[in-house]
Every structure is written in C-alpha cells, then in structure tokens.
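For reference, the chains in residue letters:
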Amino acid sequence: MTGQPPPDAPRADRVSALPDRSTLRLALVVGGLILAVLLGFGLGRAGGGPTAAVGYGSALADHTHAPGTGAHEHGADQGLAAEATGLSVSAAGYTIAPSVVDLVAGRPGELRFQIRDAQRRPVTRFAVVHDKPLHLIVVRRDLTGYQHLHPAMAADGTWSVPLTLPQPGVWRAYADFTALADDGRQTAVTLGTDLVAAGDYEPRPLPAAATSTTVGGFTVAYQGTPQSTVSVPLTFRITGEGGRPATLERYLGAYGHLVALREGDLGYLHVHPEPTLVDGAVRFWVTVPGAGRYRLYLDFQVAGAVRTAEFTLDA
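Okay, so let's go over this structure. (Residues numbered from 1 in each chain as written. Predicted model: local features only at pLDDT ≥ 70, side-chain atom pairs only at ≥ 80, totals over all residues. Heavy atoms only, no water.)

## What to know about the overall build of the chain
- Counting its secondary structure elements, the chain contains two helices and 22 strands.
- When burial is assessed residue by residue, the chain has 43% of its 315 residues classed as buried.
- If you take every contact in the chain between residues at least 6 apart in sequence, the share linking residues at least 24 apart comes to 64%.
- Total accessible area on the chain stands at roughly 16100 Å², and carbon and sulfur atoms take up 56% of it. (Helix = DSSP H or I, 4+ residues; strand = E, 2+ residues; numbered from the N terminus. Buried < 20%, exposed > 50% of the residue type's maximum accessible area, 1.4 Å probe, protein only. Contact = heavy atoms within 4.5 Å. Areas by Shrake-Rupley, 256 points an atom, 1.4 Å probe, with all protein chains shown as cover.)

In structure tokens:
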C-alpha cells in the first residue's frame, strides 16, 4: 500500500514509519468530536426543534434576553430597551411589508402584512411570547387611539387583522415579535410602518403629565420616576369603587403590559412586570432611553375585561 515500507526494510525504518501513540490519541479524540457533532446534528434535525401549529415556536413564557437587546424586558435587572425600537420598517435582517397602508377613517378594514427575512422570503416561524407569536400596536402619530391587537398568520406567512382607524391622520403600526430560526436562535424585533386614514388631520396635544388616571370605573396610579441611567421600579396600583383593590387577572400571561411611546419620533418601548403582584400592585423595572415626553399605556384585566390606562410622563 502506498506510503508503507517494503517488507524487507530494516526494522528501524518500519518502526519509524508507524504513527506514535500521541498521534494516535489525537486522531481518536478528533474523530470522536466529529462523530459527536454529526450525531448531535442528526438528532436535532430528526427532532425538528420547538415548533407548533402554523410555524409558531413552542411557548416560551420563561424566555430571557440580554439587557437592552430585545423589544421587551423582564425582571428587576432588566429595564426598557436602552434604545427605543420600531423606528424603521427594517431591523436585524427583517422587514415588515404591508399589502395596504391606506384605510378609510371610521370604516372597518383589514390590515395584511408579511415579515420578510434578508432574502425577502416570508418568515413563518415565531416564538410564542406572552401567549402570542406577534403583538401589533397601532396608534395615531399624536399618540391617541391606542390599540393592542393580535393578528392571525396564514401558512404563507401573511398576517391579517381587522382594523378600524377611527380618525383621519397618519397612524403608526408596530409589529413586536421574536423570530425563531431553524437552529433555535431567537431574535426579538420591533418593526414600524405608517398607515394613512385620509381626511383633515387635527392633532391633539398631549395631556399634562400625571401619575393617576381613571378608566372604566377604576383608578390607576403609579409611583416611581424613570431615569435614563438606571433601572428603577414603576409600581401601578389599581383600585375600584370605594378605593378597594381591584382583583387583577393575568392578561397574556402577566398582570399588566406597559407600552411607552416617545413623543416626536414615536420610539417604541414594551416592558412586562414582575411575575407576581407586589403588595397587590403591578411592578415594572424601567429605564427610559433619554430625556423627553412619553405616553404610557398600561393594559390590565379585571373580570375578563381588558382596559388601558394612559399617562403622560416627562422624563
């Protein structure tokens, strides 16, 4: 065989042509590593990864993100994203592509769109975050008319949701989702696109900053002063008739959902609270990305009905 010494070669030559023990050990180790990688890959492909119907990822209620890298954050050591998101139709290799952007003010319509990857292919696999694979926030550019919607996705990756824009003007739609790659990697993204309802647009000034408001017979008040350099607690207490604490129910897996939109560029922030109530109140840990005025929207549920309390915040 090529490379072998002839049978009549001196013994010393034959011995020197053989690999030493260290070389053999190295070859065995490398071969074992390669075999382990190949077996792991094969098992992973056979398992198919964490998938569910219509390409949704498995429920990931306990998922985590590095501070400042996701569209939403959780826990006492993670505040709102360091930078506001939703400022562009494209981010992190994904693009929102609506099929229609013009709607008639006050008339029921439908919003349809796709999330596409860097190769312009429709994305169909999403992690389920807080009970939904995608959260859609719609608000007019003067920060009125807030809506929190949950579209349905078809097999081809087209999302659709009934939508009514009650007043003329330019509206902003935010798609908040976590894309799920074939290898299990998760990418939290918020994309924004403008919608138009034709007619005379009369923007409304923001209400004055306040820490208390009423909605649907409930009084909602918060304590805390968000800062741009440190994460601080923002605690919301909800009371009903006679000042009695409201019996809060979980909505989308949490006792409250807080969206903040920055006046001017409409930068988007979404944060979820601590997993349990704190002395009957909903506590968030918040860091604002910079000085400015923000509109806060707190979604909460009592007796099966979801309500939204709104506040103006000067940070």
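## Describing the nonpolar core
- In this structure, Val220, Phe236, Leu258, Leu298 and Phe300 are the most contacted members of the largest nonpolar core, which totals 27 residues.
- Among the elements that line this core, the one with the most residues is strand β21 (residues 293-302), at five residues.
- The contacts of Val220, once residues within four sequence positions are left out, are Thr211, Ser212, Thr213, Val215, Phe236, Arg237, Ile238, Leu298, Phe300, Ala309 and Phe311.
- Formed by 26 residues, the second largest nonpolar core is a distinct cluster that contains Ile96, Val138, Trp171 and Val189. (Core = buried A, V, L, I, M, F, W, Y, C linked by side-chain atoms within 4.5 Å.)

## Points about the sheet that holds strand β20 (residues 282-286)
- Here four strands make up an open sheet; going across it, the order is β14-β15-β16-β20 and the pairing antiparallel. The sheet is open, and its two borders are formed by β14 (212-215) and β20, each paired with just one other strand. Going from strand to strand, the sheet's axes swing by 25 degrees on average, the running direction of each strand aside.
- Here five bridges tie strand β16 (residues 232-239) to β20, and the two strands are oriented antiparallel to one another. Opposite Thr235, over in β20, you have Arg283 as the bridge partner. (Pairing = 2+ DSSP bridges. Axes fitted to C-alpha atoms, helices over the stretch in contact; angles between N-to-C directions.)

## Describing the environment of Leu206
- Inspection of the secondary structure puts Leu206 in the loop between β13 (186-197) and β14.
- We classify Leu206 as buried; its relative accessible area is 13%.
- Here the alpha-carbon distance between Leu206 and Arg295, two residues 89 residues apart in the chain, equals 8.2 Å.
- Setting aside anything within four residues of it in sequence, one finds Leu206 in contact with Asp142, Leu143, Glu263, Arg293, Arg295 and Thr312.

## Examining the pattern of salt bridges
- Inspection of the entire model under this criterion finds twelve salt bridges.
- Here Arg112 and Glu110 are joined by a salt bridge, their closest N and O atoms 3.9 Å apart.
- The class of Glu110 is partly exposed, set by a relative accessible area of 40%.
- Here the salt bridges do not stand alone but share partners, grouping Arg141, Arg172 and Asp194 into one network. (Salt bridge = Lys/Arg side-chain N within 4 Å of Asp/Glu carboxyl O.)

## Brief notes about the side chain of Gln301
- Within the secondary structure, Gln301 is located in strand β21.
- In this structure Gln301 comes out as buried when scored by relative accessible area, which is 14%.
- What Gln301 contacts, discounting residues up to four positions off in sequence, is Thr247, Leu248, Glu249, Arg250, Tyr251 and Val306.

## Examining the packing of aromatic side chains
- This structure, assessed with the given rule, holds eleven aromatic pairs.
- Measuring from ring centre to ring centre gives 4.3 Å for Tyr146 and Tyr297, while their planes differ by 10 degrees; the resulting arrangement is stacked. In this pair, Tyr146 sits in the loop between β8 (134-140) and β9 (147-149) while Tyr297 sits in strand β21, placing the two residues 151 residues apart along the sequence. Side by side, Tyr146 and Tyr297 carry an identical accessibility label, which is buried.
- A centroid spacing of 4.9 Å and a plane angle of 25 degrees characterise the contact between Tyr174 and Tyr268, whose relative ring orientation is stacked. (Phe/Tyr/Trp six-rings, centres within 6.5 Å; stacked < 30°, edge-to-face > 60°.)

Shape is all these values report; function is a separate question.
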